[in-house]
Every structure is written in C-alpha cells, then in structure tokens.
Amino acid sequence: MKNAILTVFAAGFIAACGATEPATTPATSEYDQLPLSTDVLAMPEWQALERFPARYPKKEAMAANTGCATVEYVIKPDNTVTDIRVVESSSRYFAKEAEQVVAKWKWSAMPAGILDKPVKTQTRFEFCLEDGSGQCQLETLASKTECSGSDIIASVGMRVSRG
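What counts and how
Residues numbered from 1 in each chain as written. Predicted model: local features only at pLDDT ≥ 70, side-chain atom pairs only at ≥ 80, totals over all residues. Heavy atoms only, no water. Core = buried A, V, L, I, M, F, W, Y, C linked by side-chain atoms within 4.5 Å. Buried < 20%, exposed > 50% of the residue type's maximum accessible area, 1.4 Å probe, protein only. Helix = DSSP H or I, 4+ residues; strand = E, 2+ residues; numbered from the N terminus. Contact = heavy atoms within 4.5 Å. Pairing = 2+ DSSP bridges. Axes fitted to C-alpha atoms, helices over the stretch in contact; angles between N-to-C directions.

- In the annotation of an unreviewed UniProt entry, the entry for the protein reads Energy transducer TonB, and the organism field reads Alteromonas oceani.

So, in structure tokens, the structure goes:
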C-alpha cells in the first residue's frame, strides 16, 4: 500500500514538473540601449534637487562595516525616475538602501523642461562610519575604488558602543 501511494505521488510530481512553463527571458526596458551620461546631476539646473543620503543599514552599522553601492537610473523629461537598479555594491544591505533612496528624492519639485529626452545616469553611495579622523569626508570617499561613479553621496553613520 505504501509503495502504491509513493508511486502515485512520484508520478504526480513528475507530471507537475513537466507542466511548468519554460523560463522566460528577463523583460527588457525601453531604456536599456540608452548611453550612460555621467555628471548629469552636477549641471546647474539640477542643483535644487533635494537629494539626501541613504539610511545606514542597522546590520552593517552594528557589525562596523563600511562599503558602497552604485545605482543606475533613468531621469525622464517629466522629472520622474525609472529603471532604478544597483550595478555594484559591497553588500546587499547597502544596495537595498541606496536603491530605495533614489526614488525618494524630490524629483517632482524640479521645474519642468530641464530635459528634453530621457537620460541614464548613476550615483555612488559611500557608507562610512565616522570615527573622528575625517575618513568620511567627501574628498576621502571619492578616492575609494570599490564601487564606480563620480556622483557621490556619503551616508555617514556613527558606531555607538555600549559601555
């Protein structure tokens, strides 16, 4: 009786596996072929954009980890952002925080007409724990090479020790 039940279960499992849909190729974006434009946000027209650093991930701060994440995204002429994706990161936690913050920047507060076509750009987030030595100053962070990108936002944390 046990063998009959196992045979029926195995046959059902095999049939179910054979009935699954074949894997599809990842969806492509209309912006995949758009060339990367560096330093777009350094243009005077974008200086009023309210950009703020990503939150320092609690797990990384507790472990005293520093690192980076580079996020690529497309700015559309209507000042919306799409196709936000992490292209490099030293930690999945840094990647998640950096990816999320780009969408929260105040894009809609910018005046219309800055762009006449979509632009793909990227921002590098450097996550640094300040220890009073100045290691988290932008000039110092800019020289780091773990993640690429010249548009750098510093996410500075402080490690609090319980004493």
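Picking up where we left off.
**Looking at the nonpolar core**
- Ranked by size, the top nonpolar core spans 25 residues in total, and within it Leu41, Trp46, Tyr73, Trp105, Trp107 and Phe125 carry the most contacts.
- Counting only elements with at least two residues in this core, the list comes to β1 (67–75), α3 (92–104) and β3 (119–130).
- Beyond its immediate chain neighbours, meaning those up to four positions away, Trp46 contacts Val40, Leu41, Ile75, Asn79, Trp107, Met110, Ile114 and Leu115.

**Brief notes about the sheet that holds β1**
- Strand order in the open sheet made by the 4 strands is β2-β1-β3-β4, with mixed pairing throughout. The two strands at the open ends of the sheet, each matched to only one other strand, are β2 (81–89) and β4 (152–158). When the angles between neighbouring strand axes are averaged without regard to direction, this sheet yields 25 degrees.
- The sheet contact formed by β3 and β4 spans 7 bridges and is parallel. Residue pairing in the sheet places Arg124 in a bridge with Ile152 of β4.
- Sheet contacts for α3: β1, β2 and β3; angle to β1, the most-contacted strand, approximately 30 degrees.

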